[in-house]
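Remarks on the overall topology
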Amino acid sequence: MTPFLVLLQPDCILIREKKIGQHYISLSNDHEKLHIEKVESASVHTTHSFESAGILGVYELSHALFVAFITQSEVIGFGVTDNPIYKVSDVRFVMVPPSRDSVVNTKYISMIQEAYRSMSMYYSYTDDLTCRLQDSKCKPLTEEQRQFPTPMKPHFMFNQPLIQAFVPFKSMLFPDLIPIVIFGFIKIIPSITIRKLSFSLTLISRRSIYRNGRRFNTRGADAKGHVANFVESEQIIRQDTGLVASFVQIRGSIPLEWRQTPTLKYTPKIAVAKNPETLSRHFDALAREYGRVTVVNLIDKKKDQLMIGEAFERGCMEYNKAQNNVDFFWFDFHAECKKMHYENLEKLMDQTRACVARGEFFAYDLSRKEIQRLQTAVLRTNCIDCLDRTNVVQSLYAKHMLFSQLFGDDGEAVLAECFDGPVKHEIFTVFNGLWSDNADQMSLLYSSSRSLKTDFTRTGKRTTRGAIDDGVNSVIRYFNNNFCDGYFEDCLNLAFARVEMGEAADRRVVKEKKCTFGSFLCVVMLPLSAVCYGLSCYVPDDYASSAFWTLLTLSTAAVGYLFVKKGTSFGRTFVSRAMLPLKE
């Protein structure tokens, strides 16, 4: 759907509604500030034009303004109110005249596009996708919200940082010109039937706009209590009878101030700062939003993870003395499920069953417009990255809740029949695929690879092929996290308008490398190869080639052990780091 026509003029950008366009609005650059005014259609001469579904926002770059237009989108399904939900397919960046383009701005735009390629963005012209059903009560957007986006949960609105330049002119804007956009994951299964009960199944994962980055660059909490990789996942069912039910879970980095600076070591050391206020602010915000919090901590009880896990547990216990609204469970996922014994996850389900039941879920009757139940607590699951282990456990909770919502006390029996019987029900493939796709999308932005352990999520069991795939994805993560993620961190900071634009940023962006692996090759591996070649020259010709390759193999293994296994401060020299200055 492309309801707007965009005309590019030498001195401005003109926009009008396609169907009922009586006038245009003109976007121009007034001393590097956005200016908007109305223009009558009769005074406009048609020039180069294109169609747009709306505006994401405006970027203030190097002495120039760029508007991000949604030029392609696709309907991915219909929400509980029967209105379409769109996924952004393509975005076009247009410089606002009069501005001067430059090589620097070309680099900035290419970096923003790099960040966009790792995201999935969604919007609706009628529904506020930032808020869960319990908050929206299935009500559509108001006319005021369609005129200018004012979401119920601004921290989940992707383009919230990009629309502030439009605020002084919001009365001039066309309805739906700036949609409320979220980023994360949405998938809708339109119809499933179990025991003659038909329903649709939707999964929405909303990423927070705060502290989003790559895993080794963005850990823990900031001073305001915002945590890295914070995601709210809402599983929604709508029965043909008009009954709607939703179940919300959250994930997020351990809410302490901690870091894990990459040094080429496979698992960098964890350093924790002692600041209990960050944890308190985080849980205060969760309590206001969701009620009681059940913490499911999945990290190891050994080495660095033991250290930060104990600090997390102590913080929760201290917080709970005053507030009494947090339940804490520490389930060592790797120890309990080693040697592919994933059936041991039922121990965790049993330990937390009472907390989940007490928190319940949201239920709403669309025909009567009547609330039947409220979710009064939330599961907060974390591992170190809040990806692989977290995905597995959240999908299990969602599966048990789905059947409880549909079949009440008979839910566990029906679940066993559908998932564990000799012939698997359609829901087995649909549900597992839904949560596995969600796992991959959550992982791509934060770790640069698809999720690990999705063979269990997709098939219900751990497989050898899955273990091999995990090995490949782990190598991809290691390479990107050490040699590419600094550049990508800058891409994300640009995409969310967090960079302090100016001469300092302009100088640094021109010099910034997309990947630092070449430096490692030149400084370490190339001289090492030369030394091996020189030593092989002292060997008789018949054995020189074998000697060279043997020496190079042994030397490479030694370098791998030194940098990857043991770790060394020299390794930091080759790690990709973010370079662009950030706003205060």
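Whatever comes next refers back to the structure up there.
Scope of this entry: the structure provided in the associated data block. (Residues numbered from 1 in each chain as written. Predicted model: local features only at pLDDT ≥ 70, side-chain atom pairs only at ≥ 80, totals over all residues. Heavy atoms only, no water.)

Comments concerning the overall build of the chain
Note the threshold: For the purposes of this entry, the term helix denotes a DSSP run of H or I that reaches at least four residues, the term strand denotes a run of E that reaches at least two, and both are numbered from the N terminus. When we talk radius of gyration, it's over C-alpha atoms, and the globule rule is simply 2.2 Å times the number of residues to the 0.38. For the exposure calls, accessible area comes from a 1.4 Å probe over protein chains only, and a residue counts as buried if that area is under 20% of its type's maximum, exposed if over 50%, partly exposed in between. Whether two residues are in contact is decided by their heavy atoms, any of which lying within 4.5 Å being enough. The Shrake-Rupley method, run with a 1.4 Å probe, gives the accessible areas here. Residue values count only the displayed protein chains as cover. Asp and Glu count as negative and Lys and Arg as positive, but His and the ends of the chain are not part of the count. Charged groups are reduced to one reference atom each: NZ for lysine, CZ for arginine, CG for aspartic acid, CD for glutamic acid.
From N to C terminus, the chain includes 16 helices and 20 strands. For 584 residues, the compact-globule formula gives about 25 Å, and the C-alpha radius of gyration of the chain, at 26 Å, lands near that figure. In terms of its C-alpha atoms, the chain occupies a principal-axis envelope of roughly 85 × 65 × 50 Å. Out of the 584 residues belonging to the chain, those deemed buried represent 56%. Contacts in the chain between residues at least 24 apart in sequence constitute 69% of all its contacts with a sequence separation of at least 6. Total accessible area on the chain stands at roughly 25900 Å², and carbon and sulfur atoms take up 54% of it. When the 70 basic and 64 acidic side-chain charges of the chain are each reduced to a single mean position, those positions are 4 Å apart.

Brief notes about the sheet that holds strand E1 (residues 4-8)
How we decide: Pairing between two strands requires that DSSP report at least two bridges joining them. Lines fitted to C-alpha atoms define the axes, with helix axes restricted to the stretch in contact, and inter-axis angles between N-to-C directions lie between 0 and 180 degrees.
Judged by pairing direction, the sheet is antiparallel, and its five strands sit side by side in the order E4-E3-E2-E1-E5 without closing on themselves. The open sheet has two edge strands, strand E4 (34-40) and strand E5 (49-52), and neither has a second partner. Mean inter-strand twist for the sheet, computed between neighbouring axes without regard to direction, equals 25°. In this structure, strand E2 (residues 13-17) lies alongside strand E3 (residues 23-29), joined through three bridges in antiparallel fashion. Each residue of the ladder has a partner; that of Leu14, found in E3, is Ser26.

Focus on a nonpolar patch on the surface
The line we're drawing: Each patch groups residues whose relative accessible area exceeds 30% and which form no salt bridge, using 9 Å between like charges and 5 Å between nonpolar side chains of Val, Leu, Ile, Met, Phe, Trp and Tyr. Salt bridge, as used here, is a side-chain nitrogen of Lys or Arg placed within 4 Å of a carboxyl oxygen of Asp or Glu.
A contiguous nonpolar patch, built from Ile468, Val472 and Ile476 and spanning about 250 Å² of accessible area, is present on the exposed surface. Mapped onto the elements, Val472 comes out in helix H12 (residues 464-483). Val472 gets classed as partly exposed once you look at its relative accessible area, which sits at 46%.

Some thoughts on the packing of aromatic side chains
Rules: Pairing of aromatic side chains requires ring centres within 6.5 Å, counting the rings of Phe and Tyr and the six-membered ring of Trp. Pairs whose planes differ by under 30 degrees are stacked, by over 60 edge-to-face, and all others tilted. Whether a charge lies above a ring is judged from NZ of Lys or CZ of Arg, which has to be within 6 Å of the ring centre and within 35 degrees of the ring normal.
Tallying each qualifying case throughout the model produces 34 aromatic pairs. For the pair Phe548 and Trp549, a centre-to-centre distance of 5.1 Å together with 70° between the ring planes defines the contact as edge-to-face. For Phe548, a relative accessible area of 16% gives the class buried. Following the ring pairs from residue to residue traces out a cluster consisting of Phe479, Phe483, Phe517, Phe520, Phe563, Phe570 and Phe574. Taking NZ or CZ as reference, Arg92 lies 4.2 Å from the ring centre of Phe50, over its face. The cationic tip of Lys424 hangs over the ring face of Phe428; the distance from NZ or CZ to the ring centre is 5.6 Å.

Quick word on the pairing of strand E8 (residues 84-95)
Note: strand E7 (residues 65-78) against E8, 11 bridges, orientation antiparallel. Pairing of Val67 across the sheet is with Val94, part of E8. Here E7 hands over to E8 after five residues, with Asp82 in that stretch at a positive phi of 70°. Bridging between E8 and strand E9 (residues 121-123) involves two bridges; their strand directions are antiparallel.

Structural notes on the packing of helix H4 (residues 276-290) against helix H5 (residues 303-323)
The relative placement of two packed helices comes down to the angle between their axes together with the axis-to-axis distance. To keep things clear, this is the line we draw: Roughly parallel means an angle under 35 degrees; roughly antiparallel means over 145; roughly perpendicular covers 65 to 115; every other angle is labelled oblique. Crossings are assigned a handedness: left-handed for a near helix turned anticlockwise from the far helix by less than a right angle, right-handed for a clockwise turn. When residue character is reported, Ala, Val, Leu, Ile, Met, Phe, Trp, Tyr, Cys and Pro are called nonpolar, Asp, Glu, Lys and Arg charged, and the others, Gly included, polar.
Where H4 meets H5, the axes come as close as 10 Å, and the angle between the chain directions of the two elements is 60°. Between H4 and H5, the interaxial angle falls into the category oblique. Handedness of the crossing formed by H4 with H5: right-handed. Residues Leu279, Ser280, Phe283 and Asp284 of H4 lie in contact with H5, whose contacting residues are Phe312, Gly315, Cys316 and Tyr319. Of the residues that constitute the contact of H4 with H5, the class distribution is five nonpolar, two polar and one charged.

A short note on the environment of Ser26
Mapped onto the elements, Ser26 comes out in strand E3. Ser26 gets classed as buried once you look at its relative accessible area, which sits at 5%. Every residue in contact with Ser26, bar those within four places of it in the chain, is listed here: Cys12, Ile13, Leu14, His35, Ile36, Glu37 and Val39.

Looking at the environment of Ala413
Among the secondary structure elements, Ala413 is positioned in helix H9 (residues 411-420). C-alpha of Ala413 to C-alpha of Val231: the two residues are 182 residues apart in sequence and 31 Å apart in space.

Thoughts on the side chain of Asp385
Within the fold, Asp385 resides in the loop between strand E20 (377-382) and helix H8 (388-407). You can call Asp385 buried: its relative accessible area is 10%. When neighbours within four sequence positions are excluded, Asp385 is seen to be in contact with Arg215, Arg219, Asn229, Tyr446 and Arg477.

A few points about the nonpolar core
Definition in use: Note on terminology: a nonpolar core comprises buried Ala, Val, Leu, Ile, Met, Phe, Trp, Tyr and Cys residues joined through side-chain atoms within 4.5 Å.
Leu201, Phe283, Leu345, Phe403 and Ile427 are the most contacted members of the largest nonpolar core, which has 93 residues in total. The element best represented in this core is H8, accounting for 10 residues. Counting residues in hydrophobic clusters, the runner-up holds 40 residues, among them Tyr59, Leu61, Phe93 and Met119.

Focus on the pattern of salt bridges
Opposite charge on two side chains permits pairing when their charged atoms draw close. One pass over the full model with this rule turns up 29 salt bridges. Ionic pairing is found between Glu114 and Arg117, a salt bridge with its closest N-O pair at 2.9 Å. Of this pair, Glu114 and Arg117 both sit in helix H1 (residues 103-117), separated by three residues, roughly a single helical turn. Residue classification places Glu114 among the buried residues on the basis of a relative accessible area of 19%. By relative accessible area, Arg117 is classed as exposed at 59%. Ionic pairing is found between Asp135 and Lys153, a salt bridge with its closest N-O pair at 3.7 Å.

Description of the packing of H1 against helix H13 (residues 485-495)
It is at 8 Å that the axes of H1 and H13 come closest, and there the two elements cross at 95°. Viewed along their axes, H1 and H13 adopt a mutual orientation that is roughly perpendicular. In contact with Lys107, Tyr108, Met111, Ile112, Glu114, Ala115 and Tyr116 of H1, H13 contributes Tyr487, Phe488, Asp490, Cys491, Leu492, Leu494 and Ala495. Within the contact of H1 with H13, the residues separate by chemical class into 11 nonpolar, no polar and three charged.

Some remarks on helix H7 (residues 345-359)
Selection criterion: How far a helix is expected to stretch is found by multiplying one less than its residue total by 1.5 Å.
Here H7 is 15 residues long and its end C-alpha atoms lie 20 Å apart, about the 21 Å a rise of 1.5 Å per residue gives. Within H7 the residues assigned to the buried category are Leu345, Leu348, Met349, Thr352, Cys355, Val356 and Gly359. Buried residues along H7 sit against strand E16 (292-297), strand E17 (326-330), helix H6 (333-336), E20, H8 and helix H11 (454-459). Within two residues after H7, Glu360 carries a phi angle of roughly 55°, on the positive side.

By themselves, these observations are geometric and do not establish any function.
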